[in-house]
Amino acid sequence: MNREKLEILLPVLIINFIKRSIYKFRLLNYFMYDYRQYSKHSFGFTRKPTYENLRAKITLHYHSIEKGLSNINVRLGFGEKALKNLVHVLEEYKNCEFPKDDKRYLSAINILISYVDLHEKNNYDVPWIKGKLTEQLNYLGENQTKKMTKNHMPYREFTKKEIIESVNKPFDEFLKHRVSVRDYSTEEVDVNQINDAIEMAIRTPSVCNRQPWKVYVLKNYDTIQKASGVQKGLNGERRTNVRNLLIVTTDISYFANDKERNEPFIDGGLFSMTLLYALHYKGLAACSLNNSMSNKDFKEVKRIVNIRSSERLIMFISVGKYSDKLIVPTSTRDSLDDFVEYR
Ligand SMILES: Cc1cc2nc3c(=O)[nH]c(=O)nc-3n(C[C@H](O)[C@H](O)[C@H](O)COP(=O)(O)O)c2cc1C
């Protein structure tokens, strides 16, 4: 390189070096901010739980029981650990004297009622949980209890026909029939159907149209079992029955600086949602599976599936064909009052 060129290039190199150093410093600051905010507010860290912390914990634990109740091969006496966790958090909620008419709190009590009902109908004794439920019902009082025991259903039932017909209905009906399906028929899924759904998901918006996503379509049974075994989003038979698994990732190489650090998750989340709707539209049953894994597990999944180090795992999606009849957890939703604020 001659001197003239070096003189022109050097300032650029220096400027780039300074820029990169500033970005790195700011990135560290942002990560520290994320660290402080997360460790201050998320329920795994708070010493004195807030109302929101307890609502979240209640939902987490009752949903686990709800999933068990919607299992076609329900095992009596299931969910011992989840029940203990749920009872503990309901007691915390009661002791904090948070609102008795909270939808999530009441949903949890409803799930306990369903759990006890199921076991009583099958002559299976569950005295401990029955006692804990009675304590909660006494706390709620007679009026509230009367209202509650009327219409509770821990799961919803659909026929395959209903679901398939819903895809051409108005959007609100379409939305109501897109449900997480964890039990599939043994019928093979045609990979072209999955490809068609992925093709539809291409229309997902992304920051500056960067489209940072990738989709891994796993068809090999051993790879699926190994990857989902690390991920642990489905248990027992539900996991061993999975024949098609999608893994959505986004590539960090598509993003610029410190301020974009969350975009891989936002774009990846949006893409995954469109993909879920597209799978539903194509008549395929699917369930999103959590990505709450340790770094060690992330690395292990990447090794099993051969995913690049620059990619973030966003979502696992199990896919299958609908059975003629399906049972899914009710998964009660909040009301607008619970989360919309006008300013
Ligand atoms: C990011 C994400 C992670 C999820 N992880 C799991 C999981 O690991 N196992 C599971 O059975 N369901 C999982 N679900 C499904 C939720 O439980 C389900 O979406 C929720 O209860 C609402 O029910 P619905 O999808 O039927 O409307 C997940 C959903 C999302 C969006």
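The rules behind these values
- Residues numbered from 1 in each chain as written.
- Predicted model: local features only at pLDDT ≥ 70, side-chain atom pairs only at ≥ 80, totals over all residues.
- Heavy atoms only, no water.
- Domains from an automatic or database assignment.
- Contact = heavy atoms within 4.5 Å.
- Buried area = accessible area lost by both parts, 1.4 Å probe.
- Salt bridge = Lys/Arg side-chain N within 4 Å of Asp/Glu carboxyl O.
- Nonpolar A, V, L, I, M, F, W, Y, C, P; charged D, E, K, R; others polar.
- Axes fitted to C-alpha atoms, helices over the stretch in contact; angles between N-to-C directions.
- Helix = DSSP H or I, 4+ residues; strand = E, 2+ residues; numbered from the N terminus.
- Parallel < 35°, antiparallel > 145°, perpendicular 65-115°, else oblique.
- Left-handed = near helix turned anticlockwise from the far one by under 90°.
- Pairing = 2+ DSSP bridges.

Some words on the domain arrangement of the chain
Then step 1. Domains assigned within the chain are domain 1 (51-155 + 328-339) and domain 2 (182-321).
Then step 2. Summarising the inter-unit geometry, the C-alpha centres of domain 1 and domain 2 are found 31 Å apart.
Then step 3. On the domain 2 side, the residues contacting the seven residues of domain 1 number four residues.
Then step 4. A buried area of about 440 Å², summed over both sides, lies between domain 1 and domain 2, and 34% of it is on carbon and sulfur atoms.
Then step 5. Our count for the contact surface shared by domain 1 and domain 2 stands at zero salt bridges.
Then step 6. In terms of residue class, the side of domain 1 that touches domain 2 is built from two nonpolar, four polar and one charged.

Things to note about the packing of helix α2 (residues 51-69) against helix α4 (residues 103-121)
Then step 1. At a minimum axis separation of 9 Å, α2 and α4 run at an interaxial angle of 30°. Here α2 lies roughly parallel to α4, going by the angle between them. Seen along the crossing, α2 lies across α4 with a hand that is left-handed. Here R55, A56, I58, T59, Y62, I65, E66 and L69 of α2 lie close against α4, whose contacting residues are R104, Y105, S107, A108, I111, S114, Y115 and L118.
Then step 2. Partitioned by chemical class, the residues of the contact of α2 with α4 number ten nonpolar, three polar and three charged.

Quick look at the sheet that holds strand β5 (residues 311-320)
Then step 1. Taken together, four strands build an open sheet; the order of strands is β2-β3-β5-β4 and the sheet is antiparallel. Both outer strands of the open sheet, β2 (213-218) and β4 (285-289), are each paired with one neighbouring strand and no more. Within the sheet, the average angular offset between the axes of one strand and its neighbour, ignoring direction, is 25°.
Then step 2. Bridge analysis of strand β3 (residues 244-251) against β5 gives eight bridges, and the strand direction is antiparallel. Residue L246 lies in a different strand from β5, and its bridge partner there is I317.
Then step 3. Sitting on the sheet, helix α10 (residues 221-231) touches β2, β3, β4 and β5, and the angle it makes with β3 is about 65°.
Then step 4. Along the sheet, helix α13 (residues 295-305) makes contact with β2, β3 and β5, crossing β5 at roughly 65°.

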